[in-house]
Protein chains: 6
Amino acid sequence: MPKVTVHRKAHFNAAHRLYRKDWSDEKNTAVFGKCSNPNFHGHNYDLEVSVTGEIDKETGFVMDLSILRKLIKEEVEEAFDHKNLNVEVAEFKEVNPTAENISVVIYDKLRTKINRNLDLSIKLYETPRNFVTYSGN
Amino acid sequence: MPKVTVHRKAHFNAAHRLYRKDWSDEKNTAVFGKCSNPNFHGHNYDLEVSVTGEIDKETGFVMDLSILRKLIKEEVEEAFDHKNLNVEVAEFKEVNPTAENISVVIYDKLRTKINRNLDLSIKLYETPRNFVTYSGN
Amino acid sequence: MPKVTVHRKAHFNAAHRLYRKDWSDEKNTAVFGKCSNPNFHGHNYDLEVSVTGEIDKETGFVMDLSILRKLIKEEVEEAFDHKNLNVEVAEFKEVNPTAENISVVIYDKLRTKINRNLDLSIKLYETPRNFVTYSGN
Amino acid sequence: MPKVTVHRKAHFNAAHRLYRKDWSDEKNTAVFGKCSNPNFHGHNYDLEVSVTGEIDKETGFVMDLSILRKLIKEEVEEAFDHKNLNVEVAEFKEVNPTAENISVVIYDKLRTKINRNLDLSIKLYETPRNFVTYSGN
Amino acid sequence: MPKVTVHRKAHFNAAHRLYRKDWSDEKNTAVFGKCSNPNFHGHNYDLEVSVTGEIDKETGFVMDLSILRKLIKEEVEEAFDHKNLNVEVAEFKEVNPTAENISVVIYDKLRTKINRNLDLSIKLYETPRNFVTYSGN
Amino acid sequence: MPKVTVHRKAHFNAAHRLYRKDWSDEKNTAVFGKCSNPNFHGHNYDLEVSVTGEIDKETGFVMDLSILRKLIKEEVEEAFDHKNLNVEVAEFKEVNPTAENISVVIYDKLRTKINRNLDLSIKLYETPRNFVTYSGN
């Protein structure tokens, strides 16, 4: 059967700052600039999750998108939406919440829930002009 | 010469339902939910066709986009626009018109018309949040 | 208090055809063209609901958008989404479902549910290039 | 001379929470829900500033947009971008930073800097689906 | 019958420069900056034409959008697309092609072709961040 | 460390024409149509630059996007914005400024400035419907 990629968009709003505890404030500011503001700033994160696999002969689906939508809601939206990523999300207690690192965290959370014969890819927009993609390698 | 991908967008509006004749109404509803409504629903499908090949030294084109635009118009827009995919489009008489299957049908129609030394890829948006990509393998 | 307009977007997917029962098929086709296809076609309708009024001194809201979102969901999305407007939606049994008429039906449904000291306006996209606005007069 | 409106877009990223100091935490949560999270959340705010007036016969401009862009940069972007609105922006020390109130603050800041024979209007997107407009009355 | 506004989008690509023949090069540069480059620059202009009137009881249309689309094609797209506005478009021989002036020219051209009981409005994007609106007064 | 792609958007407005000096006017028109207009036309070019590499363990960045933004500004925006590509940009003196060729020129300019252990890719929109991608091979 043909191999197709299905994509589903979602979004969440969150506060964050770029910051390393083991660096001085001066070094944090030198490297991360205004993104290191100790009072936080925030974004409307736009997320695009892509799943690649063969079309199921019976249904014509690669994966039921309503299942994918529910997965994204449970694993990402409920965990991150209207949260402070640094303060309230366990994965970023020791990990700097750059767009790169957030995309890896999202990939890892979804990877465990999606059948291994399907490939997974994450696109995450921090702003309409800055975004990242990660496919797990 | 450098290998570049050229992309052209197009769109069509159509009605469809997700449905298998060989399944009971109950099973169609269980698997396809409200997408299986026997009275049909519809979408503004947004299509993106991508063609990859070497830049022609003479013209600076990979492929003349006005030829690609005309091809898409003849093969896709005139065949699908303002149509009921299940009822009026031959390719979906026995094939469930999921976004996945529509992308494969579009790929197959265009593949026969585009020079084999050019690679072809299809992106099809069923809604702004749900879309698929297919590159023929 | 300052008078501000708050806007909320929503969407629904539906099938329809432009058609008058009291006209011949020839006249329907002459006036409505391919939009009159008896097998229906469809759209991703994008809806924008705007409510104007004074900012509430206590909350800083004109109207709680989560209430507006719920209203749109109940009155519009649940009534129209994944439906055939001509066949399944009572308001279009005798009314041609042009974008103009759909916007008036949505306005009338929401108008009865929103406090009269707030002004209401509807924007409805039938396609990204064709849309209508209606403010109730 | 004809009266035309010129529009300029800008944006800023900020953290905020909806919150009244004089209310209990319970009441803040009851009214503002997850938007009241004490650890803050954030948005990519998109701003559109509109200025209406007669076309200047000499220049063909209503207002030089490079002057308007500079004004927006100084008065809005430098004041709000990568800031925590509740903690770091004086105007929201006693004012709840709802989209409605932010649009009024932006209007008031720009109004003092733009010639009185020009009308001013503000559109502020908190998310792509929630936005407000304010024209000073 | 309810009064509704119908909107139709179109676009054209053109070269232009901001420039007054009766000014020195120095003054042109001082006022118009890099927009005055004597070798021209260009834009993808996005146009939105809005027509307001009562819904026709028979058709459910304010105005048949296929007629409006044809009008825009003949009066605007064929006149401006892939043209140099300063050099090749008669209306800008003596008029500086600012977005403001282009919107007035488009309004005046369409106004003569659209029934006087319908109101007309023009929105013209010079870039996604700079645009103008004109309603004929 | 995981390999992630970071993307940054930018844009420039420019005039151009498609044209070969060594062809007759007739042949230029036959091949390039209205894009060959000797008075030029123009576009709002939207550019997306993508850089792929391992996440830096220290910063959580693949590449500091403020450095990438500055590079794009110096190498692309300052060189092309508000310019006539055929007349004023050295790279197109002997090269036809098709979107394909522009993307290769941008790639080549940025490639020399970005660390070789990072992969580079260019996406260039000539219009919202026509665009190209190039990854250097």
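Residues numbered from 1 in each chain as written. Chains lettered and ligands numbered in written order. Predicted model: local features only at pLDDT ≥ 70, side-chain atom pairs only at ≥ 80, totals over all residues. Heavy atoms only, no water.

Participant: Can you help me understand the overall build of chain A in this one?
Facilitator: A tally of regular secondary structure across chain A gives four helices and five strands. Along chain A, helices and strands appear, N-terminal first, in the series β-α-β-α-β-α-α-β-β. The burial tally for chain A puts 61% of its 137 residues in the buried class. Across chain A, the fraction of contacts at a sequence separation of at least 24, relative to all contacts at a separation of at least 6, is 67%. The positive charge centre, built from 20 side chains, and the negative charge centre, built from 21, are 1 Å apart in chain A. (Helix = DSSP H or I, 4+ residues; strand = E, 2+ residues; numbered from the N terminus. Buried < 20%, exposed > 50% of the residue type's maximum accessible area, 1.4 Å probe, protein only. Contact = heavy atoms within 4.5 Å. Lys, Arg positive; Asp, Glu negative; His and termini not counted. Charge placed at Lys NZ, Arg CZ, Asp CG, Glu CD.)

Participant: For this particular structure, what's the right way to read the relation of the copies chain A and chain D?
Facilitator: Taken together, a rotation about one axis and a shift along it account for how the two chain copies relate. In the superposition of chain A on chain D (RMSD 0.0 Å, axial shift 0.0 Å), the rotation amounts to 180°. Both copies of the chain, as the preceding transformation shows, are related through a two-fold rotation axis. When the interface residues of chain A are mapped onto chain D, 100% of them again lie at the interface, so the same face is used by both copies. (Least-squares fit on C-alpha atoms with pLDDT ≥ 70 in both.)

Participant: What's the story with the arrangement of the chains in this structure? I'm lost.
Facilitator: What separates chain A from chain E at the closest point of their C-alpha atoms is a distance of 13 Å, and the two make no contact. Separating chain C from chain F is a minimum C-alpha gap of 13 Å, and the two share no contact.

Participant: Got a minute to help me understand the relation of the copies chain E and chain D in this structure?
Facilitator: Mapping chain E onto chain D leaves a residual RMSD of 0.0 Å; the transformation is a rotation of 120° accompanied by 0.0 Å of translation along its axis. Here the transformation between the copies is reduced to the relation of a three-fold axis.

Participant: Just to check I follow, could you spell out the interface of chain A and chain D for this structure?
Facilitator: For an interface, size is often stated in terms of accessible area lost upon the parts coming together. Tallying the contact residues gives 21 residues for chain A and 21 residues for chain D. Summed over both partners, the interface of chain A with chain D buries about 1,700 Å², with 49% contributed by carbon and sulfur atoms. If you sort the residues of chain A by the area they bury against chain D, Asn39, Asn44 and His82 of chain A come out on top, with a joint share of 34%. In this assembly, chain A and chain D are joined by two salt bridges. The salt bridge involving aspartate 81 of chain D is made with lysine 34 of chain A; its shortest N-O contact spans 2.7 Å. At the boundary of chain A and chain D, one finds 17 residue pairs in polar contact (both at pLDDT 80 or more). If you tally residues by element for the side of chain A that touches chain D, the top one is strand S2 (residues 41-54) of chain A, at four residues. When the residues that make up the side of chain A that touches chain D are grouped by side-chain class, the tally is six nonpolar, 10 polar and five charged. (Buried area = accessible area lost by both parts, 1.4 Å probe. Salt bridge = Lys/Arg side-chain N within 4 Å of Asp/Glu carboxyl O. Polar contact = N/O pair within 3.5 Å; in protein donor to acceptor, adjacent residues only side chain to side chain. Nonpolar A, V, L, I, M, F, W, Y, C, P; charged D, E, K, R; others polar.)

Participant: Would you mind going over the packing of helix H2 (residues 65-80) of chain A against helix H4 (residues 99-111) of chain A with me for this structure?
Facilitator: Describing two packed helices takes the angle between their axes plus the distance from one axis to the other. All names here are of chain A. In contact at an axis separation of 10 Å, H2 and H4 are set at 140° when each is read in the N-to-C sense. For the element pair H2 / H4, the angle class is oblique. The crossing of H2 and H4 is right-handed. Between H2 and H4, the contacting residues are Leu71, Ile72, Glu75, Val76, Ala79 and Phe80 on the first element and Ile102, Val105, Ile106, Lys109 and Leu110 on the second. Of the residues belonging to the contact of H2 with H4, the class tally is nine nonpolar, no polar and two charged. (Axes fitted to C-alpha atoms, helices over the stretch in contact; angles between N-to-C directions. Parallel < 35°, antiparallel > 145°, perpendicular 65-115°, else oblique. Left-handed = near helix turned anticlockwise from the far one by under 90°.)

Participant: Hey, could you run me through the pairing of strand S4 (residues 119-125) of chain F in this one?
Facilitator: Residue and element names in this part refer to chain F. With five of seven residues buried, S4 is to be regarded as a mostly interior element. Here seven bridges tie strand S2 (residues 41-54) to S4, and the two strands are oriented antiparallel to one another. Paired with serine 50 across the bridge in S4 is serine 121. Note: S4 against strand S5 (residues 130-134), four bridges, orientation antiparallel. When the bridges of S5 are listed, tyrosine 125 appears paired with phenylalanine 131. (Pairing = 2+ DSSP bridges.)

Participant: What should I look at first to understand the interface of chain E and chain D in this one?
Facilitator: Facing 20 residues of chain E, the contacting portion of chain D comprises 21 residues. Where chain E abuts chain D, roughly 1,700 Å² becomes buried across the two surfaces, and 50% of that area is made up of carbon and sulfur atoms. When residues of chain E are sorted by the area they lose upon contact with chain D, Glu100, Arg129 and Phe131 of chain E head the list and together hold 38% of the total. Summed over the shared surface of chain E and chain D, the result is zero salt bridges. Scanning the region where chain E abuts chain D turns up 12 residue pairs in polar contact (both at pLDDT 80 or more).

Participant: What am I meant to see in the packing of aromatic side chains here?
Facilitator: Any pair of aromatic rings gets described here by the distance separating the centres and the angle formed by the planes. In the structure shown here, the tally under the stated rule is 42 aromatic pairs over all chains. Centroid distance phenylalanine 12 of chain D to tyrosine 45 of chain D: 5.0 Å. Interplanar angle 20°. Geometry classified as stacked. On the criterion of sequence distance, the pair formed by phenylalanine 12 of chain D in strand S1 (residues 3-16) and tyrosine 45 of chain D in strand S2 (residues 41-54) is long-range, its members being 33 residues apart. Judged by its relative accessible area of 0%, tyrosine 45 of chain D falls in the buried class. Judged by centre distance (5.0 Å) and plane angle (70°), the rings of tyrosine 107 of chain E and tyrosine 134 of chain E are edge-to-face. With a gap of 27 residues between them, tyrosine 107 of chain E in helix H4 (residues 99-111) and tyrosine 134 of chain E in strand S5 (residues 130-134) connect regions that are remote in the sequence. As far as the burial class goes, tyrosine 107 of chain E and tyrosine 134 of chain E line up, both buried. (Phe/Tyr/Trp six-rings, centres within 6.5 Å; stacked < 30°, edge-to-face > 60°.)

Participant: I keep staring at unusual backbone geometry and nothing clicks. Help me out?
Facilitator: As a rule of thumb, non-glycine residues mostly have phi less than zero, and peptide bonds are mostly trans rather than cis. Despite not being glycine, histidine 82 of chain B has its phi angle at roughly 55°, a positive value. Among the structural elements, histidine 82 of chain B can be located in the loop between helix H2 (65-80) and strand S3 (83-84).

Participant: Mind showing me how you'd approach the pairing of strand S1 (residues 3-16) of chain B here?
Facilitator: Walk down a regular strand and you will see the side chains alternate between the two sheet faces. Of all 14 residues in S1 of chain B, 11 are buried; the element is thus mostly enclosed. Where S1 of chain B lies against strand S2 (residues 41-54) of chain B, 14 bridges are found, and the strand directions are antiparallel. Its bridge partner lying in S2 of chain B, lysine 9 of chain B is registered against glutamate 48 of chain B. Pairing geometry for S1 of chain B and S5 of chain F, over five bridges, is antiparallel. The residue bridging arginine 8 of chain B from the neighbouring strand is asparagine 130 of chain F, located in S5 of chain F.

Participant: Would you explain the pattern of salt bridges in this entry?
Facilitator: Once their charged atoms are close, side chains differing in charge can pair, the charge on each being opposite to the other. Residues and elements named next belong to chain B. Within this structure, the stated rule accounts for 42 salt bridges over all chains. In this structure, the salt-bridge partner of glutamate 94 is lysine 21, at a minimum N-O distance of 3.2 Å. Highlighted residues: glutamate 94 in the loop between helix H3 (85-88) and helix H4 (99-111) and lysine 21 in the loop between S1 and helix H1 (25-32), separated in sequence by 73 residues. Like glutamate 94, the residue lysine 21 is exposed in the burial classification. In this structure, the salt-bridge partner of lysine 73 is glutamate 78, at a minimum N-O distance of 3.2 Å.

Participant: Would you mind going over the environment of asparagine 13 of chain C with me for this structure?
Facilitator: Tracing the backbone shows asparagine 13 of chain C in strand S1 (residues 3-16). Given a relative accessible area of 5%, asparagine 13 of chain C falls into the buried group.

Participant: Would you mind going over the environment of glycine 33 of chain E with me for this structure?
Facilitator: Residue and element names in this part refer to chain E. If you trace the backbone, glycine 33 turns up in the loop between helix H1 (25-32) and strand S2 (41-54). Judged by its relative accessible area of 31%, glycine 33 is partly exposed. Sequence separation between glycine 33 and leucine 18 is 15 residues, and the spatial gap between their C-alpha atoms is 8.8 Å.

Participant: Would you explain helix H2 (residues 65-80) of chain E in this entry?
Facilitator: Given 3.6 residues per turn, any residue in an α-helix points the same way as the ones three and four places further on. All names here are of chain E. Compared with the 22 Å implied by 1.5 Å per residue over 16 residues, the 21 Å span of H2 between its first and last C-alpha is a close match. In the structure, H2 departs most strongly from a straight axis at lysine 73, where the bend amounts to approximately 40°. Restricting attention to buried positions, one finds in H2 the residues Leu65, Leu68, Leu71, Ile72, Glu75, Val76 and Phe80. Just downstream of H2 lies histidine 82, where phi reads positive at about 55°. (Expected span 1.5 Å × (residues − 1). Bend = angle between axes of the 7 residues up to and from the residue.)

Participant: Would you mind going over the confidence of the model for chain A with me for this structure?
Facilitator: Caution is warranted with low-pLDDT regions, since their predicted coordinates should not be read in detail. Across chain A, the average pLDDT comes to 97, with 100% of residues at or above 70. Per the prediction output, this complex has pTM 0.96; the corresponding ipTM is 0.95. (pLDDT = per-residue confidence, 0-100.)

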